[in-house]
Amino acid sequence: MDSITIRHLRESVALLPTGDLAPVSEFYRRLFELAPEVRPMFTREMDLQAKKFSDMLAWVIAHLEHPHELCQEMRALGARHNDYGVKVDQYGPLGSALIWMFQRTLGERFTPEMEDAWLEFYAFASFEMERGSREAAPSR
Amino acid sequence: MRTARLGAKLSESGGYPLSLSTAVVNQHLDQALNSPLFRNAERQSRFLRFVVDAALQTPQPTVKEFDIAIAVYDRRADYDPRTDPIVRVEAARLRARLREYYEVTPPDRVRIDIPKGRYVPSFIQVEAGTAPGVSDLSILVPSFRSLSPDPGDQSFCDGLTEEVVHKLAQDHRLRVVPQSAATWLEQGKATPPRYLLEASVRRAGAEIRVTLHLMELTGGGAMHFSNIYHATINDIFATQERLAEQIRGDLIEALHISNAGSESIH
């Protein structure tokens, strides 16, 4: 990722309301609309799930200049998602819900450049997650 | 690798020039879709087949986000891409998957490319047996040339060249050869670089235009990538850095290296 992409990712996250989990809750609501079949995979209480997602987002933003660590973390996340039963085709709705969350929360402050940055990041992150999933279950 | 970009739009008559035929593209597509990377990615496989079929069947194809949403992602007729960016998300993922596929399986006759910003694929002919390894990515970068009459503009070009060399050199997969090393190379003390990156800069007031060419020296100087960049100079250093970053990103894409794989040290 280049420095401009990193800057757009950081600026978009900085615009989210601090300490407010409402956007993340909306993200999950949207995800379940787009891919209702993934709903049963989320067994923990949704507020806790939203907090976990928010923490992961903060970790990612803090590690954008460290691609090796990012790759390792995304692969580990992918391996865990493999345990939950997530399939390759379900990464698309997840990415759509993520970008929708920014669009809905930030409105016009979410610029096309920010969207491009998230598309690039998500392509990378989801691909590493897939890789982690394949490594965890090579026969799938 | 000697390549010829044979996007479906490139044939004025609507046919397929040179030795690239629909059958060759379809055979290559089938091979890719049967690979482990695509086998478990049903939607992405459908996406790729849909856009390839559209490009093969129509002389001047137009594939819209809406068409893909309906045909591949089972969206309804009231689909609004502004509120459901599924196609944009999946297109970015598909480009990453294709890059990974070609890193694992270098193409021997044709490569499918979906350029950023559009959904119509290009079919790039690959000369058999010349698919490169990643280690072949060496680039000679002479100083960019100023085409404006003001001799002071050359210093802007030199600064921009330095910035581009610096950014490219941070990618461990590239071997970047600056002008200062060119003479050394001419004396036969090292393997000559595979690519030559040339650029010229024109200025009118605060507006500048950079014309960039990436040529493959080992392919007889064939043009591999070309682009024109526009910028307004407010802060010289910021403009140089922004342009250099755009150029770096485009070159990484043109050379078919995954952006995510680079060890950035920004």
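Student: Let's hear about the overall build of chain A: which residues, and what values?
Tutor: Along its length, chain A carries 6 helices and 0 strands. Ordering the α and β elements of chain A from the N terminus gives α-α-α-α-α-α. Going through the 140 residues of chain A one by one, you find that 51% of them count as buried. Carbon and sulfur atoms make up 55% of the accessible area of chain A, which totals about 6500 Å².

Student: Help me get a handle on the overall build of chain B, residues and values and all.
Tutor: Helix and strand counts for chain B come out as 8 helices and 9 strands. Within chain B, the proportion of its 266 residues that are buried is 50%. The contacts of chain B with a sequence gap of at least 6 include a subset with a gap of at least 24, amounting to 58%. For chain B, the accessible area works out to roughly 12600 Å², and carbon and sulfur atoms hold 52% of it.

Student: I'd like a rundown of the confidence of the model for chain B, residues and numbers included.
Tutor: All names here are of chain B. For chain B, per-residue confidence averages 79 on the pLDDT scale, and residues scoring 70 or more make up 79% of the total. Per-residue pLDDT, averaged within each element of chain B, yields its smallest value for strand β1 (residues 3-5) (43) and its largest for helix α4 (residues 65-71) (96). Both scores are available for the predicted complex, with the pTM at 0.65 and the ipTM at 0.93.

Student: Lay out the interface of chain A and chain B with the relevant residues and their values.
Tutor: Taken together, the contact between chain A and chain B spans 31 residues of the former and 31 residues of the latter. Of the roughly 2600 Å² buried between chain A and chain B on both sides combined, carbon and sulfur atoms contribute 53%. On the surface where chain A and chain B come into contact, there are 5 salt bridges. One salt bridge connects Arg93 of chain B with Glu130 of chain A, and the closest N-O pair in it is separated by 3.1 Å. At the surface where chain A touches chain B, the tally comes to 11 residue pairs in polar contact (both at pLDDT 80 or more). For the side of chain A that touches chain B, the element with the most residues is helix α6 (residues 112-136) of chain A, which contributes 11 residues. When the residues that make up the side of chain A that touches chain B are grouped by side-chain class, the tally is 14 nonpolar, 7 polar and 10 charged.

Student: If you had to explain the packing of α6 of chain A against helix α5 (residues 86-104) of chain B to someone new, which residues and values would you point to?
Tutor: Axis separation between α6 of chain A and α5 of chain B bottoms out at 9 Å; the angle between their running directions is 55 degrees. One way to sum up the angle between α6 of chain A and α5 of chain B is to call them oblique. Relative to α5 of chain B, α6 of chain A is oriented so that their crossing is right-handed. Along the contact surface, α6 of chain A presents Glu115, Leu119, Tyr122, Ala123, Ser126, Phe127, Glu130 and Arg131 of chain A, while α5 of chain B presents Arg88, Val89, Ala92, Arg93, Ala96, Arg97 and Glu100 of chain B.

Student: Just give me the short version of the layout of surface pockets, but keep the residues and values in it.
Tutor: Any empty space left between the atoms is revealed when a probe the size of a water molecule rolls over them. All names here are of chain A. Roughly 640 Å³ of volume is contained in the second largest pocket. Broken down by secondary-structure element, the contributors of at least two residues to the lining of the second largest pocket are α2 (22-34), α3 (46-62), α4 (67-84), α5 (91-106) and α6. Element by element, the count of residues in the lining of the second largest pocket is highest for α3, at 6 residues. Here the lining of the second largest pocket is composed, by residue class, of 21 nonpolar, 4 polar and 3 charged.

Student: Explain the pattern of salt bridges to me, using residue names and the numbers behind them.
Tutor: Scanning the model with the defined rule gives 30 salt bridges over all chains in all. Between Arg82 of chain B and Asp80 of chain B there is a salt bridge, with its nearest N and O atoms 3.1 Å apart. Among the residues examined, Arg82 of chain B registers a relative accessible area of 63% and is labelled exposed. Each of Asp2 of chain A together with Lys167, Glu241, Glu245 and Arg248 of chain B takes part in a single network of salt bridges with overlapping partners.

Student: Pulling in residues and values, what's your account of the packing of aromatic side chains?
Tutor: One pass over the structure, following the stated rule, counts 15 aromatic pairs over all chains. Cluster of aromatic residues (ring-pair linked, three or more members): Phe27, Tyr28, Phe32, Phe42 and Phe53 of chain A. Here the basic side chain of Arg97 of chain B rests over the ring of Phe38 of chain B, its NZ or CZ set 5.9 Å away from the ring centre.

Student: Any chance you could break down the nonpolar core for me, citing the residues and the numbers?
Tutor: One finds Trp118 and Phe121 of chain A together with Phe47 and Leu48 of chain B to be the most contacted residues of the largest nonpolar core, which totals 80 residues. Beyond its immediate chain neighbours, meaning those up to four positions away, Leu48 of chain B contacts Leu29, Leu33, Phe38, Leu94, Leu98, Ile112 and Ile114 of chain B. The next biggest cluster of nonpolar side chains, apart from the first, holds 31 residues, and it includes Ile139, Val164, Leu168 and Ala199 of chain B.

Student: Which residues make up the packing of α2 of chain A against α3 of chain A, and what values do they have?
Tutor: Residue and element names in this part refer to chain A. Across the interface, α2 lies against α3 with an axial gap of 9 Å and an inter-helix angle of 110 degrees. Looking at the two axes, α2 sits roughly perpendicular to α3. Here Val24, Ser25, Phe27, Tyr28 and Phe32 of α2 lie close against α3, whose contacting residues are Met46, Gln49, Ala50, Phe53 and Ser54. Here the residues of the contact of α2 with α3 are counted per class, giving 7 nonpolar, 3 polar and no charged.

Student: Lay out α5 of chain B in plain terms, naming residues and giving numbers.
Tutor: End to end, α5 of chain B covers 27 Å across 19 residues, agreeing with the expected 27 Å (1.5 Å per residue, within 8%). α5 of chain B sits mainly inside the fold: 16 of its 19 residues count as buried.

Student: Residues and numbers for the environment of Met223 of chain B, please.
Tutor: Residues and elements named next belong to chain B. Within the fold, Met223 resides in strand β9 (residues 222-232). Put simply, Met223 and His213 are 10 residues apart on the chain and 7.0 Å apart in space, counted from C-alpha to C-alpha. Apart from residues lying up to four places away in sequence, Met223 is in contact with His213, Leu214 and Met215.

Student: Describe the pairing of strand β2 (residues 110-113) of chain B, with residues and values.
Tutor: Residue and element names in this part refer to chain B. Burial along β2 is two-sided: the face carrying Val110 and Ile112 and the face carrying Arg111 and Asp113 are both buried. When β2 meets strand β3 (residues 122-126), the two strands line up antiparallel, connected through 4 bridges. Bridge pairing in β3 places Val110 opposite Gln125.

Parameters and conventions
Residues numbered from 1 in each chain as written. Chains lettered and ligands numbered in written order. Predicted model: local features only at pLDDT ≥ 70, side-chain atom pairs only at ≥ 80, totals over all residues. Heavy atoms only, no water. Helix = DSSP H or I, 4+ residues; strand = E, 2+ residues; numbered from the N terminus. Buried < 20%, exposed > 50% of the residue type's maximum accessible area, 1.4 Å probe, protein only. Areas by Shrake-Rupley, 256 points an atom, 1.4 Å probe, with all protein chains shown as cover. Contact = heavy atoms within 4.5 Å. pLDDT = per-residue confidence, 0-100. Buried area = accessible area lost by both parts, 1.4 Å probe. Salt bridge = Lys/Arg side-chain N within 4 Å of Asp/Glu carboxyl O. Polar contact = N/O pair within 3.5 Å; in protein donor to acceptor, adjacent residues only side chain to side chain. Nonpolar A, V, L, I, M, F, W, Y, C, P; charged D, E, K, R; others polar. Axes fitted to C-alpha atoms, helices over the stretch in contact; angles between N-to-C directions. Parallel < 35°, antiparallel > 145°, perpendicular 65-115°, else oblique. Left-handed = near helix turned anticlockwise from the far one by under 90°. 1 Å grid on protein atoms, 1.4 Å probe; cavity = no way out; pocket = protein on both sides within 12 Å on 5 of 7 lines; lining within 4 Å. Points joined across faces, edges and corners; volume = space filled by probe spheres on them. Phe/Tyr/Trp six-rings, centres within 6.5 Å; stacked < 30°, edge-to-face > 60°. Lys NZ or Arg CZ within 6 Å of the ring centre and 35° of its normal. Core = buried A, V, L, I, M, F, W, Y, C linked by side-chain atoms within 4.5 Å. Expected span 1.5 Å × (residues − 1). Pairing = 2+ DSSP bridges.

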